[in-house]
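What follows is each chain in one-letter form.
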Amino acid sequence: MQNGLLTVVLEEKIVNALQELTEKDATAEVTVDLEAREVRAEGITAAFELDENARWRLLNGLDDISITLQNEPHIAAYEAKRPSYKPRTISFQH
């Protein structure tokens, strides 16, 4: 999930049904509902398991860097207190 893609595990019969549907109609709509944790298509509804943290991150468009940047004020305050002779590890630029 590091690249924003979600892989889910579905029963083989559901995967086969989705494949059959899309082979018959390349424009068939398949919906992945993160809030409901379901994959839906014409005549198909399948639940999938998803870790709550992964779900939260995807719904909010967050990756490791953006989560870290939410703490920017605390990181900047910590860095400001470090002696100037010590190397800086983070530089925030906007």
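This one's a predicted model, so the numbers in the text were calculated from it and none came from an experiment. (Residues numbered from 1 in each chain as written. Predicted model: local features only at pLDDT ≥ 70, side-chain atom pairs only at ≥ 80, totals over all residues. Heavy atoms only, no water.)

### What about the side chain of Asp33?
Alright, step 1. As for its placement among the helices and strands, Asp33 is situated in strand 1 (residues 31-33).
Alright, step 2. A distance of 3.0 Å separates a polar side-chain atom of Asp33 from the backbone nitrogen of Glu35.
Alright, step 3. A distance of 2.9 Å separates a polar atom in the side chain of Asp33 from the backbone nitrogen of Ala36.
Alright, step 4. Among residues more than four places away in sequence, those in contact with Asp33 are Glu38, Arg40 and Phe48. (Helix = DSSP H or I, 4+ residues; strand = E, 2+ residues; numbered from the N terminus. Polar contact = N/O pair within 3.5 Å; in protein donor to acceptor, adjacent residues only side chain to side chain. Contact = heavy atoms within 4.5 Å.)

### Some points on the sheet that holds strand 3 (residues 44-47)
Sheet strands pair via backbone hydrogen bonds, and the direction of the pair is either parallel or antiparallel.
Alright, step 1. Read across the sheet, 3 strands follow the order 1-2-3 without closing on themselves; strand pairing throughout is antiparallel. Only two strands of the sheet have a single partner each, and these edge strands are strand 1 and strand 3. Across this sheet, the average inter-strand angle for adjacent strands is 15 degrees, counted without regard to direction.
Alright, step 2. Where strand 1 lies against strand 2 (residues 38-41), 3 bridges are found, and the strand directions are antiparallel. In the sheet register, Asp33 faces strand 2, and the bridge partner there is Glu38.
Alright, step 3. Sitting on the sheet, helix 1 (residues 12-24) is in contact with strand 2 and strand 3, with an inclination near 145 degrees to strand 3. (Pairing = 2+ DSSP bridges. Axes fitted to C-alpha atoms, helices over the stretch in contact; angles between N-to-C directions.)

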